[in-house]
Amino acid sequence: MSSTLLEVTRAAHEEVERLERIIVKDLQNEPATNKDRLFQSHRVRNMIETIMSTTHKLVEIYEDKDSARKDEIAALGGQTATGTNVFSAFYDRLKEIREYHRRHPAARVVDANEEHEALLKEEPVIEFTGEEAFGKYLDMHELYNQFINSKFGEPIEYSAYLDVFSQPHNIPRKLKLTRQYREYMENLLEYLIYLFQRTEPLQDLDRIFSKVTAEFEEQWENDNVQGWEKDVKESGQLPPQHTVIDLDYYSTVEELMEVGPDKLKEALVALGLKSGGTLQQRAERLFLTKDTPLEKLDKKHFAKRSHGSEQNGGAPALKEVDNSKEIALMEAKMKKLCDLLSETIVQTKENVVKKQALTYDEMEAEREEEEMQADTESDDEEQQIYNPLKLPMGWDGKPIPYWLYKLHGLGQEFKCEICGNYSYWGRRAFERHFKEWRHQHGMRCLGIPNTKNFNEITSIEEAKELWKKIQERQGLNKWRPDLEEEYEDREGNIYNKKTYTDLQRQGLI
């Protein structure tokens, strides 16, 4: 209504408190799906950003660098150049309010509850590619193409790239000091940051990176950054396991010539040396690097580059050594993001491997099934099931009819102590449970066989007493072979086993 500075301040405080209440209310709702979780997180993130911008405006108002707030407060107290006149200030304000309502007689009062509901139902626009499946997977095909078409990369499958892109320490140091690798690392880091901001909008990425930077600075000072150790830097040579051609296997230039011109050229380019000339000249030039550091080689062996390689003693990579720390820091940030997105990376690889085993028709059928499932979930979320009597759910996910509920006696509860006081609703479920695993497990723990004799027995004490009686009865009727097993001698006389054995031992039979 009013454009005074104090009214702007009051409205800003009200806005901050209102957004805080909405955030609390929104976070109290548990999202049902990953899509709902992303919507909720982005809603909260947008409201937090609004709170921060509003708070910055309030700080500027309270700093009052132009003394506008101080003058307005003085004017409210009736302080003017001629003196203090409280009544004059009061009637001026009253006149201003009446004038506003005269100009806007049909001004609508905004209902805060309506605004709350609208904000809670808002679905922010989140940009995901089809391959990312709303943040479930990564889409790194462009980075993959950049990797396999570079000097530092290798021709591998996309699924294999998902394993190696987070391991830059396996790439030779000299290749990482090139502009091509720097651009690749910048693109990779930019994509991972963008994906992380879309999938985890409530995470404070600046705080995470500040911690990574602090740890990196300490490791850099202690020469403990993997792949950037000083021994590699000072020697000016690549470790044997990272060179294109391992020179330790060759003792003469003639042996090295057997590698071929293409391999020799590739190795020379990787080291920044001239790659022209005959086969023997290339082999001689490369063989020099076996025992001589690059910075000690003659300038004539290095390929010409822009920015002037002569300023650096002839070694083309030395111009870019100053960027090594910056590139290493980008690698550290990239590795941290890979740790935070590890679950997404694993799911992406599993999805890629799964798709490679499917035919086109199977992939189309799977895609249609996922779309139908998504539509079904959205329909189920929109339909709220009315079930005041808390009836059991039927096969169609809806409450069963009340008459069926009464017919089966589902309101009657049966508890079984042997099953751990588990409740069974309805006579049918109660009778059936005596043959189910839970009751069988309880009887097994008691050391009692689960026979028909124990049907309808739910008390542990009753089961033990019945089992004791059964054991006693079995003791009276027990088969005793020594007394009850019969034997017949040659004369037709009948004896029990014990008597027959004794007579036979005495030789009387």
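Above this text you will find the structure in question.
The structure presented is a predicted model; accordingly, all values stated were derived computationally and were not measured.

Focus: helix α20 (residues 437-446)
Here comes step 1: Those residues of α20 that sit buried are His439, Gly442 and Met443. Projected down its long axis, α20 shows its buried positions confined to an angular sector of 95°, all on one face. Turned more than 90 degrees off the buried face of α20, the exposed positions are Trp437, Arg444 and Cys445.

Observations concerning the packing of aromatic side chains
Here comes step 1: Summed over all chains, the structure comprises 18 aromatic pairs.
Here comes step 2: Between Phe39 and Phe134 the ring centres are 5.9 Å apart and the planes differ by 80°, which places this aromatic pair in the edge-to-face class. Taken together, the residues Phe39 in helix α2 (residues 34-63) and Phe134 in the loop between α5 (112-120) and α6 (141-148) connect sequence positions 95 residues apart.
Here comes step 3: Pairing Tyr161 with Phe165 gives two aromatic rings, centres 5.8 Å apart and planes at 35°, and the pair type is tilted.
Here comes step 4: For Tyr161, a relative accessible area of 0% translates into the label buried.
Here comes step 5: Taken together, the ring pairs connect Tyr144, Phe147, Phe152, Tyr158, Tyr161, Phe165, Tyr181 and Tyr184 into an aromatic cluster.
Here comes step 6: Positioned over the ring face of Phe209 is Lys333, at 5.2 Å from the centre of the ring.
Here comes step 7: Looking at Arg438, its charged tip hangs above the ring of Tyr422, at a distance of 3.9 Å from the centre.

With respect to the pairing of strand β4 (residues 422-425)
Within a regular beta strand, the side chains point alternately toward one face of the sheet and then the other, so they alternate between its two faces.
Here comes step 1: Alignment of strand β3 (residues 413-416) against β4, held across four bridges, turns out to be antiparallel. Its bridge partner being in β4, Phe414 is matched across the sheet by Tyr424.
Here comes step 2: Linking β3 back to β4 in an antiparallel pair, the connection comprises five residues, with Gly420 at a positive phi of about 80°.

Criteria and thresholds
- Just so you know, the residues in each chain are numbered from 1, in the order the chain's sequence is written.
- Residues qualify for local features only when their pLDDT is at least 70, as the model is predicted, and side-chain atom pairs are given and counted only at 80 or more; totals for whole chains, interfaces and linings, by contrast, use all residues.
- The basis for every side-chain value is the complete set of heavy atoms in the structure, and neither hydrogens nor water enter the calculation.
- Relative accessible area decides the class of each residue, using a 1.4 Å probe on protein chains only: under 20% of the type maximum gives buried, over 50% gives exposed, and in between gives partly exposed.
- A run of DSSP states H or I qualifies as a helix once it reaches four residues; a run of E qualifies as a strand once it reaches two. Both are numbered from the N-terminal end.
- The arc in question is formed by the directions pointing from the helix axis toward the C-beta atoms.
- To pair, rings of Phe, Tyr and Trp, with the six-membered ring standing in for Trp, must have centres within 6.5 Å; the planes then decide the type, stacked if under 30 degrees apart, edge-to-face if over 60, and tilted in the middle.
- Geometrically, a charge over a ring is one whose NZ (Lys) or CZ (Arg) sits within 6 Å of the ring centre while staying within 35 degrees of the ring normal.
- Strands are treated as partners if at least two bridges between them are detected by DSSP.

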